[in-house]
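Structural description and commentary
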Amino acid sequence: MQEEKCQEDSGIDKDKNLIECAIEIARIFDLEIEYRTFDIKDEEISERFDYVFFLNVFHHLDEKNKIRALRNVDRITMKRLFFEAPIGGDIVSETYLTTEDYLSYFRGFTTFTNISLVGYSDFNRPILLCER
Ligand SMILES: C[S@@+](CC[C@H](N)C(=O)[O-])C[C@H]1O[C@@H](n2cnc3c(N)ncnc32)[C@H](O)[C@@H]1O
């Protein structure tokens, strides 16, 4: 069987200004990273990646788009997904999700076989590691 080719380093956000900032930082540090504006609500990611970082975006999405985003990152991740879980309250619904809630989301809507809490970010937000 032919191995699926993975994409090189790449970053997305829906905010054009942040993407411009990221491009400039990559230029200054001479990093080969392809950044592009992308709204996870409206688009599907066609590439595949060995490692995916989905950091602190979940609380910006309503219920339907949370599930859509989870299915998206599930599909594109070949090896490992690192997920930073916002616990300070949803921007759209003001729902407060616990680490257990996040684990349930991943068990319910993704095909990762091993999902574990591996630590906390600088903002004390849970970091989940999802593996195949
Ligand atoms: C708290 S910031 C986190 C930024 C970055 N991921 C990090 O960890 O530093 C949340 C980001 O989610 C982005 N965002 C919100 N809704 C989005 C969507 N539908 N598609 C793509 N990005 C989105 C916002 O533009 C914002 O930059």
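The rules behind the values
- Residues numbered from 1 in each chain as written.
- Predicted model: local features only at pLDDT ≥ 70, side-chain atom pairs only at ≥ 80, totals over all residues.
- Helix = DSSP H or I, 4+ residues; strand = E, 2+ residues; numbered from the N terminus.
- Rg over C-alpha atoms; globule rule 2.2 N^0.38 Å.
- Buried ≥ 20, exposed ≤ 12 C-beta atoms within 10 Å, placed from the backbone.
- Contact = placed C-beta atoms within 7 Å.
- pLDDT = per-residue confidence, 0-100.
- Pairing = 2+ DSSP bridges.
- Right-handed = clockwise from strand over helix to strand, strands pointing away.
- Near = placed C-beta within 6 Å.
- Nonpolar A, V, L, I, M, F, W, Y, C, P; charged D, E, K, R; others polar.
- Domains from an automatic or database assignment.

A word on the overall build of the protein
Scanning the protein from N- to C-terminus turns up 3 helices and 6 strands. In the protein, the order of α-helices and β-strands from amino to carboxyl end is β-α-β-β-α-β-α-β-β. For the protein, whose C-alpha radius of gyration is 15 Å, the value lies close to the compact-globule estimate of 14 Å for 132 residues. Considered along the principal axes of its C-alpha atoms, the protein spans approximately 40 × 40 × 30 Å. When each of the 132 residues of the protein is scored for burial, the buried share is 15%. For the protein, contacts bridging at least 24 residues in sequence account for 64% of all contacts bridging at least 6.

Quick word on the environment of Asp9
On the secondary structure map, Asp9 appears in the segment before strand E1 (10-13). Excluding its chain neighbours within four sequence positions, the residues that come into contact with Asp9 are Glu32 and Ile33.

Remarks on the confidence of the model for the protein
When pLDDT drops low, the exact placement of atoms in the prediction is not to be read closely. Here the protein shows a mean pLDDT of 91. Residues at 70 or above account for 95%. Per-element averaging of pLDDT across the protein places helix H3 (residues 99-109) at the bottom with 93 and helix H1 (residues 16-28) at the top with 98.

Here's the deal with the pairing of strand E2 (residues 34-37)
Direction of pairing for E1 relative to E2: parallel, over a ladder of 4 bridges. Residue pairing across strands places Asp13 opposite Thr37, the latter belonging to E2. Regarding topology, H1 serves as the crossover connection from E1 to the parallel E2, and that connection is right-handed.

With respect to the site of the ligand
In the neighbourhood of the ligand, the contacting residues comprise Asp13, Lys14, Asp15, Leu18, Phe38, Asp39, Ile40, Lys41, Leu55, Asn56, Val57 and His60. Looking at side-chain class alone, the shell around the ligand contains 5 nonpolar, 2 polar and 5 charged residues. A domain split of the shell around the ligand shows at least three residues from each of domain 1 (8-38) and domain 2 (48-131).

What to know about the domain arrangement of the protein
Domain annotation of the protein identifies domain 1 (8-38) and domain 2 (48-131). Between the C-alpha centres of domain 1 and domain 2 the distance comes to 22 Å.

Concerning unusual backbone geometry
The phi torsion at Asp30 lies on the positive side, around 55°, for a residue other than glycine. A tally of 6 C-beta atoms within 10 Å means that Asp30 is categorised as exposed.

So, the pairing of strand E6 (residues 126-131)
Residues of E6 alternate between two faces, with Pro126, Leu128 and Cys130 buried on one and Ile127, Leu129 and Glu131 left unburied on the opposite face. Across 5 bridges, the pairing between strand E4 (residues 77-84) and E6 is antiparallel. Within the sheet, the bridge partner assigned to Phe83 lies in E6 and is Leu128. In this sheet, E6 lies alongside strand E5 (residues 114-120) in antiparallel orientation, the contact comprising 6 bridges. By the bridge assignment for E6, Ser116 is matched with Leu129. Where E5 folds back on E6, the antiparallel hairpin that results is connected by 5 residues, among which Asn124 adopts a positive phi of roughly 65°.

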